[in-house]
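For reference, the chains in residue letters:
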Amino acid sequence: MSEYLIKAEELKVGYSKQVVAENISFTVEKGDIVCVVGENGSGKSTLLKTLLGITKPLGGKISFEGDASSKRFGYLPQLDESQSDFPSTVYEIVASGCISRGKFKLFYNKEDKEIINKYMRLVGIENLAKSRFSSLSGGQRQRTLIARALCTSSSLLFLDEPLNGLDPKFRNDFFELVKTLHENGVTIVMISHDLKQSLSLANKILYIGEECYFGSKEDFLNSKFDNILEGGEHGNI
Ligand code: ADP
C-alpha cells in the first residue's frame, strides 16, 4: 500500500476573502516528484505557502501523514539577488537549517555536524564550507540553500521556481541534483515554469488554473491540459 505524505481535498487557497485557486485535490506519496505548473499568477506560490502553513486555507482540507506529520519541511525559496551579499560562510548557512530541526541552540552537537556534512557532501559543496555565500555562483548558492533545506527535513522538500534566476548553464546540473536527491529518498514538490524539463523529472503533475488537474505524468500528457505545452504564455511551456 502506498504511503501518502500530503492529501489535499477540494482545497481553496488565497488571501483574506480573495480566492486565488480552488478545487485543488492531490496526494503526495513517498518517493514522488510532483511538479506544480500553471500560468503566472495562477496561485502556485500561494498553494505552496498554504502547504507550509504560512497562509491559511480558505476552504477544503489538507492532511499530513507519516514523515510529513511533523509539518517540518525542507524549503528552497526563490533565488533572490538581494540576499546574495550575505556575509556568512556556506557552512554557517547550511548549519542554520538545523536550527529549524528543534529548539534554538547556540552550538551544533555531533549529530547536527554529521547531518550538515552529509548534506554538504550530497549536494557537492563540501569543498566550499569556508567560502562566503556572496562569492558563489548561482548554482553553488542554490546547492547551499538546498543543503540547508535538507538539514531541516530530508523527507519532503519544497522547491519554489528553482530555475528562476539560475544561469541556464547550471540547469542540467540542477536536474541531475534533483535525481540524486530522489535516489536518496527525498520526496519533492517543485513549482516550475519549465514544464518541458519538469516532465522529464516528475512522476505526477499538478496543474493550477481556472480548472485544476492532478494526475500521473502519462495521464497529464493525454489530457486537455497538455495543450499548455503548445507554446502558451511561457514559450518554453
Ligand atoms: P504564481 O505563483 O502562480 O505565479 P501567486 O500565488 O504568486 O501565483 O499569486 C496568485 C495571485 O495572488 C496573484 O494575483 C497575486 O497578485 C496574489 N497575491 C500573491 N501574494 C499575495 C498577498 N500576500 N496578498 C494578496 N494577494 C497576493
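Bear in mind the structure is a predicted one, so any value in this text is a computation, not a measurement.

What counts as what
- Residues numbered from 1 in each chain as written.
- Predicted model: local features only at pLDDT ≥ 70, side-chain atom pairs only at ≥ 80, totals over all residues.
- Heavy atoms only, no water.
- Axes fitted to C-alpha atoms, helices over the stretch in contact; angles between N-to-C directions.
- Helix = DSSP H or I, 4+ residues; strand = E, 2+ residues; numbered from the N terminus.
- Parallel < 35°, antiparallel > 145°, perpendicular 65-115°, else oblique.
- Left-handed = near helix turned anticlockwise from the far one by under 90°.
- Contact = heavy atoms within 4.5 Å.
- Nonpolar A, V, L, I, M, F, W, Y, C, P; charged D, E, K, R; others polar.
- pLDDT = per-residue confidence, 0-100.
- Pairing = 2+ DSSP bridges.
- Buried < 20%, exposed > 50% of the residue type's maximum accessible area, 1.4 Å probe, protein only.
- Near = heavy atom within 4 Å.
- Polar contact = N/O pair within 3.5 Å; in protein donor to acceptor, adjacent residues only side chain to side chain.
- Areas by Shrake-Rupley, 256 points an atom, 1.4 Å probe, with all protein chains shown as cover.
- Core = buried A, V, L, I, M, F, W, Y, C linked by side-chain atoms within 4.5 Å.
- Domains from an automatic or database assignment.

J.: What is the right way to look at the packing of helix α4 (residues 138–152) against helix α5 (residues 171–183) in this model?
T.: Any two packed helices are characterised by the angle at which their axes cross and by the distance between the axes. Their axes nearest at 12 Å, the elements α4 and α5 cross at an angle of 20 degrees. Regarding the angle of α4 to α5, the classification is roughly parallel. You can see that α4 and α5 cross each other, and the crossing is right-handed. The segment α4 lies against α5, with Q142, R143, I146 and L150 engaging D173, F174, L177 and L181.

J.: Got a minute to help me understand the packing of helix α2 (residues 90–99) against α4 in this structure?
T.: Running from amino to carboxyl end, α2 crosses α4 at an angle of 25 degrees, the nearest separation of the two axes being 6 Å. Judged on the interaxial angle alone, α4 and α2 are roughly parallel. Here α2 runs over α4; the crossing is right-handed. Only T144, L145, A147, R148, C151 and T152 of α4 make contact with α2, whose side of the interface consists of V90, I93, V94, S96, G97 and C98. Broken down by class, the residue content of the contact of α2 with α4 amounts to seven nonpolar, four polar and one charged.

J.: Any chance you could explain the confidence of the model for the chain here in plain terms?
T.: If pLDDT is low for a region, its predicted coordinates should not be looked at in detail. For the chain, mean pLDDT is 87; residues scoring 70 or higher make up 89% of the total. In this model residues 231–237 is a low-confidence stretch, pLDDT under 50, and it forms 15 contacts with partners more than four residues away in sequence or in other chains.

J.: Would you explain the sheet that holds strand β4 (residues 59–64) in this entry?
T.: Strand pairing in a sheet relies on backbone hydrogen bonds, with the paired strands running either antiparallel or parallel. Taken in spatial order, the three strands make up an open sheet running β2-β1-β4, and their pairing is antiparallel. Two strands lie at the open edges of the sheet, namely β2 (18–29) and β4, each paired on one side alone. Going across the sheet, the axis of each strand differs from the next one's by a mean of 15 degrees, ignoring polarity. Across the sheet, helix α1 (residues 44–51) lies against β1 (4–15), β2 and β4, angled at about 120 degrees from β1, the strand it touches most.

J.: Which parts of the structure should I look at to understand the environment of Y75?
T.: Here Y75 lies in strand β5 (residues 74–76). We classify Y75 as partly exposed; its relative accessible area is 30%. Here the alpha-carbon distance between Y75 and I146, two residues 71 residues apart in the chain, equals 7.7 Å. Apart from residues no more than four positions distant in its own chain, Y75 is found in contact with L48, L52, A149, L157, F158 and D160.

J.: Explain the site of the ligand here, please?
T.: Neighbouring the ligand are the residues Y15, Q18, V20, E39, N40, G41, S42, G43, K44, S45, T46 and K49. The separation between a nitrogen atom of the ligand and a polar side-chain atom of Y15 is 3.1 Å. At 2.5 Å, a side-chain N or O of T46 approaches an oxygen atom of the ligand. When the free accessible area of the ligand is taken as 560 Å², the share hidden by the protein chains comes to 58%. Grouping the constituent residues of the shell around the ligand by class yields two nonpolar, seven polar and three charged.

J.: What exactly am I supposed to notice about the nonpolar core here?
T.: As a rule of thumb, soluble globular proteins bury nonpolar side chains together. Of all hydrophobic cores here, the largest spans 47 residues; its most connected members are I146, L157, F174 and I188. Among the elements that make up this core, the one with the highest residue count is α4 (six residues). Counting contributing residues, this core receives three or more from each of domain 1 (1–73 + 155–177 + 184–237) and domain 2 (79–152). When sequence neighbours within four positions are dropped, the list of residues in contact with L157 reads G74, Y75, I146, A149, L150, L181, V186, T187, I188 and V189. Counting residues in each nonpolar core, the second largest holds 24 residues, with V28, V36, L48 and F158 among its members.

J.: Before we go on, may I ask you to explain the sheet that holds strand β6 (residues 156–160) in this structure?
T.: Strand order in this open sheet of six strands is β5-β6-β7-β3-β8-β9, and the pairing throughout is mixed. The sheet is open, and its two borders are formed by β5 and β9 (213–216), each paired with just one other strand. Each strand axis lies, on average, 15 degrees off the axis of its neighbour in the sheet, ignoring direction. Inspection of the sheet shows strand β8 (residues 204–207) paired to β9 by four bridges, in the antiparallel sense. Considered in β9, the bridge of I205 is made with G215. Contacts from α1 reach β3 (33–37), β5, β6, β7 (187–191) and β8 within the one sheet, and its direction differs from that of β6 by about 150 degrees. Across the face of the sheet, α5 comes into contact with β3, β6 and β7 while running at roughly 150 degrees to β7.

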